[in-house]
Structure formats: structure tokens, C-alpha cells
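Each chain, letter by letter, is given below.
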Amino acid sequence: MNDFENIESWESNFGLLPIKLNPTQQVDRFLMLNGGLGDFCLKTSALGEEDIKNVFQESWSTNTKNFLFIDKDHIEVTNWYDNKTEKIPKNKIEFNINQFYKYLSSKSFKTQNDVVPFVLDIFRQLRNITFEKQDSSEAINLLFYLLISLEEDYTKVDVEKWNISTSNFPDRFEYFVELINQGVRNIKPNLDLILRHTAGALFQEAHREVIFFNPQRDLFGGVSSKLETKIDAYSSIHYTPQYIARSIVENALKSFDLNSEKITILDPSCGSSEFLIEVLKQLKNKGFNGRIVVKGFDSSDSAVRTSKFLLSYENRKQWDNIIQIDIRKVSDSLVEDWGQNDIVLMNPPFISWELLKEKESRDNVLAILENVVKKSRPNQATAFFYKATQSLKENGIIGCVLPTSIFYSEIYSELRNKLYKDLSFKVLAKLGNYVFEDALTDVSLFVASNSKSILLPKLIWTKNEKGIVQDTLREFRKMNANNEQSINNKNFSIYIPPYFPILKDSWKIISLKENDFIKELDIYHKAGKFSAISDVFTINQGALLGVKNVFKISSEEFNSIPTTEKKYFRPVVTNDSLRTGKIIISEYVWFPYDKNGLIFKEENNLTGLHFYKTRLFPNKEILEKRSGINNWWSLTRPRNWQFIQEPRLLSNRFGNSKSFGFDKKGDCVIEEGNAFIPKKEFQTTDYYFYLALFSSSIFDLLLSIYSKPIMSGYDLGKIQIKNIPIPNIHKNNLRENGAYLKLTELGKELENGNSFVKQVIDDILKSYFYPKF
């Protein structure tokens, strides 16, 4: 039987993190946190004679709908939005825990009357009146006054106590003060609960308002609100969702000695201190009694002001002002002295090299990474990541959000190797593209300590679909509470691998099912049944034409040009040409090359050509502007290996098992894609064998493990797929194997457009070559 009066049973059954509503005054009232939807308040005793108004105030001010009370036989659920209370027998919940949580979640939907939109709506109206579009700091300062008015006379605020600036109040400010103090449905806001438990969501949205808000007046002089987000819709700086910050802090603290006398905590890109507030809450919840130094840097003045306001309040109300707070506005955090820290928490700016406009910013990134990332164009987040690891004390902890490219990109391999030697990894998670709002960034989570350990990290893999990450992190919490070792779900996996990294020179996180498959592959590989694809083929990148509309012509145009000129054209293979083993040619490309290179050394030799008169010369000015060319009539990158016509397997640049074909004559020019050229002599049947293999579902699985996902497929370039294990026709008398003969025949079927043989190919590969999956 579950002991519902025991708060730990809620963590193990529901995967929710219990945080005390007010640690200094209440011992049995908790906020049960998941990630917004599904959060609720809980008291581990009965409702009794409590004033229901106070109950509703607490649940509303913590941005939840439900407040649960436990008595001897029932769980009593109060809901401020429905304005009702219901008693549910414990014995009904006992065997329907998941259903009960779904029921609570169904009654926790977001509304405009919730505390965050309520406060933001008042703030937005105030902004429309004051037109403070340019001064975000002053706008945020007025929001502080509005909130403080819930406890004090806003005209007599002690600015030093609240760590805010003085403000000149705009006309009608009193109106907004009255509005916020009225609350919703006679539920008066509780400032302490708002600042402790909803500040993250509230101030992240408030910052979005002051940065992007465009005041509008309608035809009748009234005010309307409009968020202009499209300008920075794909901004490289993303706000940290609360549930992500919570999970990172939670797992970081698991690895830290809480008996320490003093902790120094740093967030070098603190924003409005989502991480710093969260770590203080969790430290308080765990009863930490040591001294705390909190450091935060940010380049945004309004973010720094918010951090000071929130941290000062937390320090005064919960810690008796014993925390040493150092929040600074800086121009570039990377040039600051980060000191030595016990805990570093951060969501660093995800700014690509191309978006780093200032030379000084680029130089700062390169200076930090000079020994671990060479001759490349790194993301700024990488410099934050590396500098953070170097600022850890012995046994210090780092917990952060990172661009997933750091886990697998070739340019970061030296950095990865160094950090894997220096740190003890605790948790690595691939969370996908749906973590940040308005951003297409592939995000990962990283927790490690600066210590030596033989223990392997826990890995979290999530399917790249919206809404999965929150459930996954809740299941992770539940799994830890119940001491389970792994979870294998179609949408996510959580497990400890038998070795790490799973792939050579990569921290790529794969599903548990894929991990089991790769373990079997490794055994096959060691038995000599496989070779790396780079041992069998040289993979060359296709031509770059430079100006596509000039050099390519349609089949109809090709048929109409003089016969004597056709030898200067070749069929071109583009993304639309390859369809599951079959090559479909619809265009030709100007390719005046033979085995010795460019045929026309002088322009005078071209002038008699029809193509020169009708296509090349009219575009001469455009063609001459290309960089890196010696002759304006040549292709930008024809690729020397294409001068010789010989059989080749071809693929698109990005794709999957449908993206391969066999150029038997070798007269095609591959544009941007890849050509697979045998390293040793091939028979024609060998090409068909590999065409069948590359066109199989097994190969899709191998791509999902080894390569980088891009759009609806994978990167098929040599860097990504070079280590994929494949049978080697030069070993194990493969050509004499009956399965080889079958696959070569099926490869011919694919070449002729019969894609229905794919299932047969898969069956043969599973039966004769690859482990079952």
C-alpha cells in the first residue's frame, strides 16, 4: 500500500519533485513540480478547518490549479479554477495512480487567469501607456514596484532593501497597483509564493515583452498589444524552460557533498537567474546549512536587475542574508575571471560563428579554445562550456544545456577527448529540437563532476517530437526514486551503457534498442565479419557548379543542341535523380573536361559553340564574380575524380536508404552529393551487392546510429558515415556466399525501379550478415 502521507511516495509514484512552499514556516506543504502542466500543491495532512480562500491563494500564486490534502481515507482535491473540492477514496487511487495523475493534469490546463498571464497582462497594459520601448531596464523596474505593492506602499519602498532603482511613476500607475492587488476572482496574489515559485516563468516572459514589445494603438485611440517576435524568432539566445533548469540542478546536487562548509555557485550567462534561484530552492529543501557564494554574469542590464531583485529577496526571506551575492553586468562573460567554483550551472548563448559579428567576440572564443578546437569556426557556447569545466574546483559539478553538435561534431573531437579524461560524467541527455520556444536548436543536457570515477553515465535519449522531453525527465526522476536501472520506451530511453563513448570520437546518445544492436555489431566486427565503410570505399563529394541556372540544361535543351557539342555535356545527378536504387536523368550539365582536365584553355576556343553564344557569354559578368576559379567558363568545383568515367555508386548529400543509385557507365556528374569509389578492384556484381545494402532498412538504422540527422534524413558525407560497419566483399569469400548472389540480383531489381524487393533485402541482411534488431 502506498503511504500518501509520505512525500517520498509521491516522487516515486509520480516522478514529481517536491519543493516546500515556504521552508521557514511550513513543513508539510509542498509544490509538486514537473514542468508546469501537471504541477500541483500538496499538504501531507487533512484540509481540516483551513480557510479555502488561503488554499486557493496558495495554489493560484504558485501557478497551479490543484491543492491536494491527505486524510485517513481520502485525498481531497481543491481547485481554485473550478471553485470546488472533491474527496477521492485512497483505495480508488491506489490501483489507478497513472489515471489519477492524468485526471489532475486534465484539470491543470493553462488559462489567461493564471498568475503569470495575469501579471503580464497588467504589465503589458502599463507598457502601452508608458511607451518605454527603448528602456527595458526602467520597464522591469516598474514591474518590481508593481509586485512590491502587494506587500508595501509602493511610494515608500526601501530601494536598498529590495535592491532596485528609484523610478518616476507614470500617470495612472496607481490604477495598475489597484489592479494587481485585486487579483483574480477575489484571490489576492501572494508575493512570497510568486517570487519563489513563478519568478522564472514570469520574468522570462517579462523580458521577452520589454525586448520585443511593440506598443500599438487602435483606430479609436485604445491600446492593444502585439508581440513582435519574428525579428528574432530564431535568435541564438534562448530562455531556459523551468523544468530543464530544475532537472539539471537536481542531478547536479546529487553528485555534490552537501556537508560542505561553503559552496561557490556560478552562472556565467545568468539571465534572470533561473538556475541560481532554482539551486537555492533545492539547497534549502535539502536543509543545506553552509555558507553560499552566488555569482552571475550577463550582458543585459534588465536581466542583471532582475537577478539582483530576486536573489536579494530569496536571501532576505529564506537565508537571513547569509548568502554572498555577486551579480555583474559585463560586455562579454568570456573575458571575465570566473574564479574557482563548486557548482557551475548555465544555459550558454547558442551563437554560431557566423552570427558573432564582432571580431573581438570571435577572438575571445578562439583564445579560450585554442588548445582544444583548432582551425575551425566554433559556436560561442563551446567556449562557455570549456571555460566552465576549467573553472571547477576538485569534485566541483557542472550542469548545463548545450547545442547537441558539441556531442558529435568532428571539430570538437579533441575537446571531447580531453573532457572525458578530466571529468566524471553523470548524466548526458539528447533532448532534440523542441526544448526552446521559437528555436530550431537541437539541445542536449550535460552533468559531470571534476573527479575520478569508474562509474558510467546515465544516458537519456528522446525521440525528436514535441511534448516528449517533460515526460521523459519525469520518468527519469521516478526511475531514480525507485532505483530502476533502465527504461525502454518507444519515445525515450534511459539507461547506463556498458561502455562510453558508445561511438568512436563521439558522445552521440542513441536509444537503448540501438545500443543493444550496436553491442552485437561490435561482436560481429571483432569477429572480422565487418569492415568500416571507409575501408571499402573512398567517399568523394560531388561537383559545385557555382551558378546552377547557367550550366545545367534540360533533356529537351540537350537534344536540341548541335551534335558536335553534346560531348561537352554529361547527365547530372541531383537530389531528384535518385529514387531507391534507380537513377532518373532529366538534366545535363556543361562539363568540358577530359582525363587531363579542362578542355578549353582559352576563351577564343569557345566562341564558335552554340552554348557559348546562347548561355555562357550572356552570363559572363555573373560567372566572373565567383571566387576560386581560373576560367570564368569552368565549373566552380568540378572535382577531378569526375574527369574519368568509371562505375560508381552515388548518393545524395543528405538522405536515407532511398538516396542511392548505381552509375554503371560512370558518365554521370554528381552534383553536391557523394560518390562511393572502391578502394580495391570491384566486379560489377559487387556494386549491385552494396546498392542493395545501402538501400535497406538496416542501413537506415545504421545511419540513425552513426550519422547526424538533418531534416527528414541524415548526412551521407564521409565524415559522418565513415565508421558504419559493412560486409567487405574482399574478405570471408563473400562472393561465394549464396546471400551475396541474391543481393546482387535484388540490387539489379532496384536499379530497374522495383523497390518492392526492399523487404526481401532486409530479410537476407538480417539472416546472413547483421544481428537481429
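Every value quoted in this text rests on a predicted model; they were computed, and no experiment measured them.

Below, the discussion takes up the overall build of the chain. Each helix and strand counted, the chain has 29 helices and 35 strands in total. Burial statistics for the chain: of 773 residues in total, 58% are counted as buried. Here the contacts in the chain between residues at least 6 apart in sequence split such that 71% fall between residues at least 24 apart. Total accessible area on the chain is roughly 34,000 Å²; 45% of this is exposed by carbon and sulfur atoms. Positive and negative side-chain charges of the chain, numbering 100 and 97 respectively, have mean locations separated by a distance of 5 Å.

Interhelical geometry of helix H12 (residues 274-285) versus helix H13 (residues 301-318) gives an angle of 15° and a closest axis separation of 10 Å. Taken together, the axes of H12 and H13 are roughly parallel relative to one another. For the crossing formed where H12 meets H13, the hand is left-handed. Residue-level inspection shows Leu-276, Ile-277, Leu-280, Lys-281 and Lys-284 of H12 in contact with H13, the latter providing Leu-310, Leu-311, Glu-314 and Gln-318. Of the residues assigned to the contact of H12 with H13, the class counts are five nonpolar, one polar and three charged.

Moving on, we come to the confidence of the model for the chain. A residue-level look at the chain finds 95% of positions with pLDDT of 70 or above and a mean pLDDT of 90. Under a pLDDT of 50 for its full length, residues 215-236 has, in the predicted model, 34 contacts with residues more than four places off or in other chains.

Taking strand neighbours across the sheet as the criterion, the three strands line up as E29-E34-E33 in an open arrangement whose pairing is antiparallel. Each edge of the open sheet carries a strand with a single partner, namely strand E29 (654-655) and strand E33 (709-710).

Any two aromatic rings considered together are summarised by their centre-to-centre distance and by the angle between their planes. Across all of its chains, the model carries 61 aromatic pairs by this definition. Taken together, a centroid distance of 5.5 Å and an interplanar angle of 75° make the contact between Phe-537 and Phe-682 edge-to-face. Taken as a pair, Phe-537 in strand E20 (residues 537-541) and Phe-682 in the loop between strand E32 (674-678) and helix H25 (684-694) lie far apart in primary sequence, 145 residues in all. In this structure Phe-682 comes out as buried when scored by relative accessible area, which is 13%. Taken together, a centroid distance of 5.0 Å and an interplanar angle of 85° make the contact between Phe-662 and Tyr-688 edge-to-face. With a gap of 26 residues between them, Phe-662 in strand E30 (residues 660-663) and Tyr-688 in helix H25 connect regions that are remote in the sequence. The exposure classification of Phe-662 matches that of Tyr-688, with both residues buried.

On the secondary structure map, Asn-364 appears in helix H14 (residues 359-369). The contacts of Asn-364, once residues within four sequence positions are left out, are Asp-332, Leu-334 and Val-335.

Bringing the environment of Asn-491 into the picture now. Its place among the elements puts Asn-491 in the loop between strand E17 (487-488) and strand E18 (492-495). Once the C-alpha coordinates of Asn-491 and Glu-178 are considered, the two residues, 313 residues apart in sequence, prove to be 48 Å apart. Aside from chain neighbours lying at most four places away, what touches Asn-491 is Trp-461, Thr-462, Lys-463 and Ile-468.

Each value, and the rule that gives it
- Residues numbered from 1 in each chain as written.
- Predicted model: local features only at pLDDT ≥ 70, side-chain atom pairs only at ≥ 80, totals over all residues.
- Heavy atoms only, no water.
- Helix = DSSP H or I, 4+ residues; strand = E, 2+ residues; numbered from the N terminus.
- Buried < 20%, exposed > 50% of the residue type's maximum accessible area, 1.4 Å probe, protein only.
- Contact = heavy atoms within 4.5 Å.
- Areas by Shrake-Rupley, 256 points an atom, 1.4 Å probe, with all protein chains shown as cover.
- Lys, Arg positive; Asp, Glu negative; His and termini not counted.
- Charge placed at Lys NZ, Arg CZ, Asp CG, Glu CD.
- Axes fitted to C-alpha atoms, helices over the stretch in contact; angles between N-to-C directions.
- Parallel < 35°, antiparallel > 145°, perpendicular 65-115°, else oblique.
- Left-handed = near helix turned anticlockwise from the far one by under 90°.
- Nonpolar A, V, L, I, M, F, W, Y, C, P; charged D, E, K, R; others polar.
- pLDDT = per-residue confidence, 0-100.
- Pairing = 2+ DSSP bridges.
- Phe/Tyr/Trp six-rings, centres within 6.5 Å; stacked < 30°, edge-to-face > 60°.

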